[in-house]
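# Structure at a glance
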Amino acid sequence: MDAGRRHFARAFRRNGREWLTFLLFAAPNLVLFAVFTYWPILRSFTLSFTKWNLLSPAPKWAGLTNYRALFVDPIFWRVALNTLIYAVTVVTVAQACAFLLALLLNRPLRGRAVFRTVAFLPHVTTTAVAALVWVIVLHPHYGPLSGLYATLGVNGPNWLESTGLALLAVIAVGIWKEIGFASLFFLAGLQGLPADCYEAAALDGARPLSRLWHITIPLMSPVIFFLLVTGFIAATKAFDSVAIMTEGGPVYPASSTYVYHLYKVGFRDFQAGLASALACVFFIITVAITALQFRMASRWVHYGE
Amino acid sequence: MINRICAFGQDVALGFCFSFLVAFGGCGGPQSSLPSGSGITYWRTLSGAAGDAQDTLVARFNEQHPDTKVTSEFQGSYSDLATKLLTAAAARRGPQVTQLGTFEIRQFAKSGVLVDLKPLMNGPNGLDTSGWSGTLIAAGEIDGGVYWLPFNVAVPVLYYNQDAFTDAGLSGPPETWADFFSYARKLTRRGDKDAVQMSGLALWNITWPLLSMFWSEGGELTNRDYTNITLNDPVAVRLLTELQSLVREGAATLPDKASGGHRAAFLSGRAAMILDSQDAFSEVFTQATGFTPALANYPAGAKGKVYAPGGGGLAILANTTPKQRETAWAFIRHMISPESIAYYARESGYVAFTEESRRAAGDLLQDPRHATIHEALPFLRADYSVNMSPAVRNAFDEAFQKILVQNADVQATLDAADTRAEAAVKEELTAH
Amino acid sequence: MGSSVAAHVGHTRKNPLTTAAVYASLLAACMLLGLPFFWMVVTSLKSPHELAGYPPSWWPESLRWGNYIDAWRSAPFGRMYVNSLITGLAATALQVGLALLMAYAFAFIRFPARRFWLLLVLATMMIPDEMKLVPNYLTLSRLDWINTYWALIVPPAAHAFPVFVFYQQFRMLPSALIDAAKADGAGHGRILWRVVLPMSRPVLVAVTLVSFLGRWNDFLWPLIVTDTATMRTLPVGLAYLKKQAEEGASPWHLMMAAALFIVIPIVILYSILQKQFVEGITKGAIKG
């Protein structure tokens, strides 16, 4: 104990100024994090052991009731599954498309700026707006597709009112928005790649496809990893598009995501305690998944020297 | 060494700059103004004409009461407003008077967030509700108190395509629900390959129209205090089975929730009937393309006509000071005065639900269409509604969707919904 | 130099068939990605009458520019523009500035258990904002910040995403440069300002843009913490119109017009910055 303190004192004498500088740099942000992020998390954690409808004066202690109620609720599992399907589909499909798009856009083409702008437009569009636009694009009456159905003389699918297609519609918006963002980063990464590697490869007579596989992708792996992690985290938090397009319907959990469910339970069904329990479980799951991603990353991400 | 000290000094300076930024948040804005004295804030929903007309009524009140001031603020949809009220209530702040849909009255009143208006109604500046239609006052009655008074009252209205009716050899709107179902089939038109060109009915994707249907056929989904939930009432089973087969045959369509598509289907001549409210009036009569639209009351059932009202009303919040309470009550009385209701009916299309306001509306009711809409008033039954408990509402909404979208077995689905609702309601009741 | 790198990365042989295929696939991709925007513009210019027609027309019978005036009048959009701009810029500046400092500290300044603190910060990325809604509202209420710009600027400023991005970027910087600056006796402030920041400019632009987008597009938080139209931002204005759709009405032409109010400024801003972003990167942030 005493030795530990002495050790610390010595370390402080040696590094104290450095430590103070660290604090000076990090503290302003840490204060904000403490007030507006860590405190809400702690609060949610304590609330998750209570029953509270937000209106009554004080939450009532309920022990583990909320957690028990969660895990036996089939809606909870369905919503978790939906979120997983949503996140995995959006991240993989969008990134694959974005990578291809970035490879195309990276060529010296005429009108490249126009292509680039159009490709990136979806990302800068407010999710709320994007969702609204897609509501009418998919709409069996107002949408461009319905013109097509009319010419064919068939009754087209009613995307948002079909339990099978509603989640797909929400996913489509997610992919549409993510492609632009991911291709922006891929393009930036591609343009920063060292030309000498390619020159060496060209001298070796490597074919384009093998160059892509052996040089481009490994060199791009930090970008890919970055997009995978951030994209996945963002995707698991999908909320706006669900709220606007389907409200989780048509048959409730059909197209609901985890965060939308959390919101619905807390604010529509007046169950703040249960919503807090949902939030805590969500946090633990995403931290675990992200940690897993980081662990696996050491196998295939190359940061260079 | 000096260099390093200077460098440290720089670090400090930089740190300070950013701390300063944090402390002063980039730039300041105008602060929220505190209500002074008896001034109050009114939170409302409804945009467009129905919102503007409310602001006009508020301005009139302020003109008449120079000593005080009501500030009206739009807070989004009914559900946005409820979310805002919830968070505000948790922080013990928020407005003094609010507009409130029927959905949330019960939860809010039971939690002590709303003021009991009964003493005020019976007080010196009281309110006589004897000329009110139906049992509208009952919507706000919880545990012997009155926590909500109707303001923007919506009534069920059936719109139909006059030309399609003539083509199908139907002389007028359906008088009974049995007629209604058979008309929906007769009105359905098919092209080649059996593709439906016009369906008899486009359903509004909410359960509100169904309440009128169930109630007038003698069905009940819950009792007044939610101790007896009967979502699987035989009448509900029979009527939902009927609707389900209409959807399956293509005689009825169910557009999605987000787009309000049932009106679009009707307006473009792809559906011959819709069960809507008076709210669709101006849209229907200005935008119908290529046919003559007409309107009627909802059909009658075994119990005659029993209609569920819609819309919203007004409530006072408990965080109001006694002085503000006076203003709040004066304001509510102003909003539901005959002149105000009549004005609101003319501007927004919501109905004039009191006798005096109908007299004040005068020429509005000369229009036979508006007269028909107002004929629904005596049949309103607001004494309870599934909308008042989130648990019951959720369970019933989901069953409704399952039955019509997934073609699920009606009896089994309603049984399951009933069990779920009962358990959830028990939970809800113990929460208070 | 940019084009030469690009040429190396892509398939270098100039085959006219390949070029045609590339153009064709790009065109197809753009049409697919652009269709919703096209439909937004077309819908915003239709009359309610035409909107109700079936099947929908691909181009409005007559361009109803008046829709934009109607939509503009349906909410106090002028004031909302000002609010969105002020709070968006301030929150972005705060967010990016704080993140730079913090990321630098994590990347280059010694501190006990640094990795642990970093993870503690990064873990907050997994917190959905909806979870923080009520506690943060209560905090702001205690600070008496409800319905002020503070509420729209300060709480969103603590965000882990820019910290993460900057940290990733800083780690890719050649450590030799930092060591050299240290050997010259430069303090951390000077290193950040003179060495690290210039080399990270493109990332700075990108992060700034993403942060600003996040603020500009945020809906739920501004709706909850502002009570009056004078304090509200653009996405809340759209809700004024969306409300009607929930009631059963369908003013889609007005909704799309209002949606364009929100989207157009950001598209303009984006088109301007995008060039700088890509150029900046090719000028050699990663290559040094």
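Residues numbered from 1 in each chain as written. Chains lettered and ligands numbered in written order. Predicted model: local features only at pLDDT ≥ 70, side-chain atom pairs only at ≥ 80, totals over all residues. Heavy atoms only, no water.

## Topic: the interface of chain B and chain A
- Listed by partner, the interface residues are 46 residues for chain B and 41 residues for chain A.
- Our count for the chain B to chain A interface comes out at zero salt bridges.
- Between chain B and chain A we count eight residue pairs in polar contact (both at pLDDT 80 or more) in total.
- Elements with a contribution of two residues or more to the side of chain B that touches chain A: α1 (2–24), α3 (78–90), α4 (105–110), α10 (261–267), α16 (390–405) and α17 (410–431) of chain B.
- Broken down by class, the residue content of the side of chain B that touches chain A amounts to 18 nonpolar, 16 polar and twelve charged. (Contact = heavy atoms within 4.5 Å. Salt bridge = Lys/Arg side-chain N within 4 Å of Asp/Glu carboxyl O. Polar contact = N/O pair within 3.5 Å; in protein donor to acceptor, adjacent residues only side chain to side chain. Helix = DSSP H or I, 4+ residues; strand = E, 2+ residues; numbered from the N terminus. Nonpolar A, V, L, I, M, F, W, Y, C, P; charged D, E, K, R; others polar.)

## Observations regarding the pairing of strand β6 (residues 149–154) of chain B
All names here are of chain B.
- Within β6, six of the six residues are buried, which leaves the element mostly enclosed by the surrounding structure.
- Sheet topology places β6 next to strand β13 (residues 310–316); five bridges connect them, and they run antiparallel. When the bridges of β13 are listed, P150 appears paired with G313. (Buried < 20%, exposed > 50% of the residue type's maximum accessible area, 1.4 Å probe, protein only. Pairing = 2+ DSSP bridges.)

## Digging into the packing of helix α2 (residues 49–64) of chain B against helix α12 (residues 322–335) of chain B
Residues and elements named next belong to chain B.
- For the pair α2 and α12, interaxial distance at closest approach is 10 Å and the crossing angle is 125°. Comparing their axes, α12 and α2 come out oblique. Both α2 and α12 take part in a crossing whose hand is right-handed. When α2 is examined against α12, the residues Q54, L57, V58, R60, F61 and Q64 are found in contact with a partner set consisting of T327, A330, F331, H334 and M335.
- Taken together, the residues of the contact of α2 with α12 sort by class into six nonpolar, four polar and one charged. (Axes fitted to C-alpha atoms, helices over the stretch in contact; angles between N-to-C directions. Parallel < 35°, antiparallel > 145°, perpendicular 65-115°, else oblique. Left-handed = near helix turned anticlockwise from the far one by under 90°.)

## Topic: the domain arrangement of chain A
- According to the domain assignment, chain A consists of domain 1 (1–42) and domain 2 (48–300).
- The C-alpha centroid of domain 2 of chain A is placed 36 Å from the C-alpha centroid of domain 1 of chain A. (Domains from an automatic or database assignment.)

## Focus on the side chain of C:S211
- By the element assignment, C:S211 lies in helix α12 (residues 201–217).
- In contact with C:S211, not counting residues within four places along its chain, are C:T92, C:Q95, C:V96 and C:P162.

## Side note on the environment of A:T83
Residue and element names in this part refer to chain A.
- With respect to the helices and strands, T83 occurs in helix α3 (residues 74–105).
- Accessibility expressed as a relative area gives 6% for T83, which makes it buried.
- Sequence separation of T83 and A182 is 99 residues, and the distance between their C-alpha atoms is 20 Å.

## So, the confidence of the model for chain C
All names here are of chain C.
- When pLDDT is averaged along chain C, the result is 81, and 88% of the positions lie at 70 or above.
- For the stretch residues 1–12, pLDDT sits under 50, and the model shows 23 contacts to residues farther than four places along the chain or on other chains.
- Predicted complex metrics record ipTM = 0.82 and pTM = 0.82. (pLDDT = per-residue confidence, 0-100.)

## Points about the environment of A:C197
All names here are of chain A.
- With respect to the helices and strands, the residue C197 is situated in helix α8 (residues 195–204).
- Separated by 63 residues in the primary sequence, C197 and Y260 place their C-alpha atoms 47 Å from one another.
- Setting aside residues up to four positions removed in sequence, C197 forms contacts with I215 and L219.

## Details of the sheet that holds β6(B)
Residue and element names in this part refer to chain B.
- The five strands are arranged β2-β1-β3-β13-β6 in an open sheet whose pairing can be described as mixed. Each having just a single partner strand, β2 (70–74) and β6 make up the two edges of the open sheet. Ignoring strand direction, the axes of neighbouring strands in this sheet form an average angle of 25°.
- In this fold α3 packs onto β1 (40–44), β3 (97–101), β6 and β13, with an angle of close to 130° to the strand it touches most, β3.

## A word on the packing of aromatic side chains
- Here the structure, examined in full by the defined rule, presents 54 aromatic pairs over all chains.
- A centroid spacing of 4.9 Å and a plane angle of 45° characterise the contact between B:F281 and B:F285, whose relative ring orientation is tilted. Separated by four residues within a single helix, B:F281 and B:F285 lie in helix α11 (residues 281–287), roughly one turn from each other.
- Judged by its relative accessible area of 24%, B:F285 falls in the partly exposed class.
- Cluster of aromatic residues (ring-pair linked, three or more members): C:W65, C:Y68, C:W72, C:F77, C:Y81, C:F212, C:W216 and C:F261. (Phe/Tyr/Trp six-rings, centres within 6.5 Å; stacked < 30°, edge-to-face > 60°.)

## Some remarks on the pattern of salt bridges
Residue and element names in this part refer to chain B.
- With the rule as written, the count across this model stands at 17 salt bridges over all chains.
- R420 is paired through a salt bridge with E398; the nearest N and O atoms lie 2.8 Å apart. Pair noted here: R420 is in helix α17 and E398 is in helix α16, with a separation of 22 residues, a long-range link.
- Here the salt bridges do not stand alone but share partners, grouping R263, D276, D279 and E283 into one network.

## Structural notes on the pairing of β1(B)
Residues and elements named next belong to chain B.
- The buried count for β1 comes to four of five residues, which makes it a mostly enclosed element.
- Pairing of β1 with β2, which is carried by five bridges, proceeds in the parallel orientation. Considered in β2, the bridge of W43 is made with E73.
- In the classification by handedness, the crossover that spans β1, the intervening α2 and the parallel β2 is right-handed.
- Note: β1 against β3, two bridges, orientation parallel. Looking at β3, one finds that W43 is bridged to T98. (Right-handed = clockwise from strand over helix to strand, strands pointing away.)

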